[in-house]
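What the coordinates show
One-letter residues, chain by chain:
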Amino acid sequence: MVKGSALRGYLLEEALAWLLRSSGYRLLVHGSQDPEELVTDGYTLRVRGRGALHQVDALGEFAFTPAFSMPVRLFLEAKFYQQPCGLEIVRNAHGVLHDVNENFMMHAGKRPQQRYQYAYALFSTSGFTADAQKYALAHQISLVDMSGASFAWLLGAIGTTAWTLEQEQKHLDASEAFPVTWMRTELRKKLGTWTASPTLLPTVAPDAGRFRTAAVAAIEGFVAALRQNNEAELLLGFPSAPFILPLAVSNHLAFTAYADVRPDHAVRIRRRGSGGSAEWTLSPLGEEDAYELAFKLPEHVEEWISDNDSKERLRTLEVKEQFLSVITIYRMNGGGVRAYQLRYEAGSLSRF
């Protein structure tokens, strides 16, 4: 039996892969896409490390190589827990990251070898413990809190779908395990996130019967819920800070219509709420109705802002000036990658 928390995590990872479809990352799904570093073991994708093979549920390759860097690949792991993710989850991510980034050996001959810089992003619907945040910051692992209002529609759809699948798995034969690979494959086919040859799609499927009928309906309902929000995207913002910003955009067409004409423009930033419930929005200065991006800052930053009422406004401004003065966004545009820079205008911003 697969627990509901695990099912919610799988669904969240597949939804994130879809939401990140234009953020500059191409999903890697099969060992044939890089036989040197990726291995397909049965129906499981693994990445070669120096000491072991590491299972990966979602792995993206950035289409744009940053200056002074090797090509970047991103491990994406999502946790849909009721409680904040603890230190052990982040420690495991660091162990994987350390091992795969050290997987380099000089071979005989002169054939040049490709190398990658692997990064790790942990998404959580309930935040992270203080120890997990400190450890992640020390080891450059990105923690993304999805508890904000911008993701309520997505988390609701995931919860409903996972509950249905969890209830229906009792109709599987006693000898059958929950078909996780089949479920994820069906989602990738329907969402268009399977990026390898169609002939390599896993063919394993549960036997025809009540479970399969109910599971197909649940998967199709989940895909329909995502497509009803087809204008929604998740863009990755890179500020002058030791963390990334997952920027939720409710209408990507409005954002690109504005940003394609003004790839470098000033923005207004607002912070609403306090502490862990605070959510930030940014929009173009003087044209706030053109588009809006929403994001949350790491919890330890919010705790510092809010732990002194008399200094909260000043600290909010300080965070904007120090960490959010320039946010760079990369987005796929046809066959290429566009870069946008959103610049903070200090004199015009308000907390309210």
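Residues numbered from 1 in each chain as written. Predicted model: local features only at pLDDT ≥ 70, side-chain atom pairs only at ≥ 80, totals over all residues. Heavy atoms only, no water.

1. A few points about the domain arrangement of the protein chain
Here is the rule we go by: Domain extents, as shown, originate in an automatic or database domain assignment.
We note that the domain assignment places domain 1 (4-147), domain 2 (152-230) and domain 3 (234-344) within the protein chain. If you average the C-alpha positions of domain 2 and of domain 3, the two centres end up 33 Å apart.

2. Description of helix α6 (residues 210-228)
The following threshold applies: Segments assigned H or I by DSSP are reported as helices when at least four residues long, segments assigned E as strands when at least two residues long, and all are numbered from the N terminus. Expected helix span is computed as 1.5 Å times (number of residues minus one). Working definition: with a 1.4 Å probe on protein chains only, accessible area under 20% of the residue-type maximum means buried, over 50% means exposed, and in between means partly exposed. Note on definitions: a residue-residue contact is assigned when non-hydrogen atoms from the two residues lie within 4.5 Å.
For α6, spanning 19 residues, the distance from its first C-alpha to its last is 27 Å, which sits close to the expected 27 Å at 1.5 Å a residue. Considered for burial, the residues of α6 that qualify are F211, A214, A215, A218, I219, F222, V223, A225 and L226. Those residues of α6 hidden inside the fold are in contact with α1 (4-19), α4 (152-168) and α5 (180-191).

3. Description of the layout of surface pockets
The line we're drawing: Only protein atoms enter the 1 Å grid, on which a cavity is a set of points fitting a 1.4 Å probe that cannot get out and a pocket is an open set with protein on both sides within 12 Å along at least 5 of 7 lines, lining residues being those with an atom within 4 Å of a point. Grid points are joined across faces, edges and corners, and a volume is the space filled by probe spheres set on the points.
In this structure, the largest pocket encloses a volume near 760 Å³. Taken together, 28 residues form the lining of the largest pocket, with A119, Q140, S142, F238 and I244 sitting closest to its centre. Only β6 (72-79), α2 (87-101), β7 (117-124), β9 (233-238) and β14 (326-333) provide two or more residues apiece to the lining of the largest pocket. Broken down by element, the residue count for the lining of the largest pocket peaks at five residues, all from β7.

4. Concerning the pairing of β14
Inclusion rule: A pair of strands is labelled paired if DSSP reports no fewer than 2 bridges between them.
For β14, the buried fraction is high: six of the eight residues fall into the buried class. Looking at chain direction, β9 and β14 are connected through two bridges and run antiparallel. Bridge pairing links F238 to T328 in β14. Pairing between β14 and strand β15 (residues 336-344): eight bridges, direction antiparallel. The partner of I329 across the bridge, within β15, is Y340.

5. What to know about the packing of α5 against α6
Heads up, the condition is: To obtain an axis, a line is fitted to C-alpha atoms, over the contacting stretch when the element is a helix, and the angle between two such axes runs from 0 to 180 degrees between their N-to-C directions. Each angle gets one of four labels, with under 35 degrees taken as roughly parallel, over 145 as roughly antiparallel, 65 to 115 as roughly perpendicular, and the rest as oblique. Left-handed describes a crossing whose near helix is turned anticlockwise from the far helix by less than a right angle; the clockwise case is right-handed. For this scheme, ten residues count as nonpolar: Ala, Val, Leu, Ile, Met, Phe, Trp, Tyr, Cys and Pro. Four count as charged, namely Asp, Glu, Lys and Arg, and the remainder, Gly too, count as polar.
Two elements in contact, α5 and α6, have axes whose closest approach is 10 Å; the angle formed by their N-to-C orientations is 40°. Between α5 and α6, the angle falls in the class oblique. Helix-helix and strand crossings are classified by hand; for α5 and α6 the assignment is right-handed. From α5, W182, M183, E186, L187, K190 and L191 reach across to α6, where they touch A215, V216, I219, E220, F222, V223, L226 and R227. Looking at side-chain class alone, the contact of α5 with α6 contains 10 nonpolar, no polar and four charged residues.

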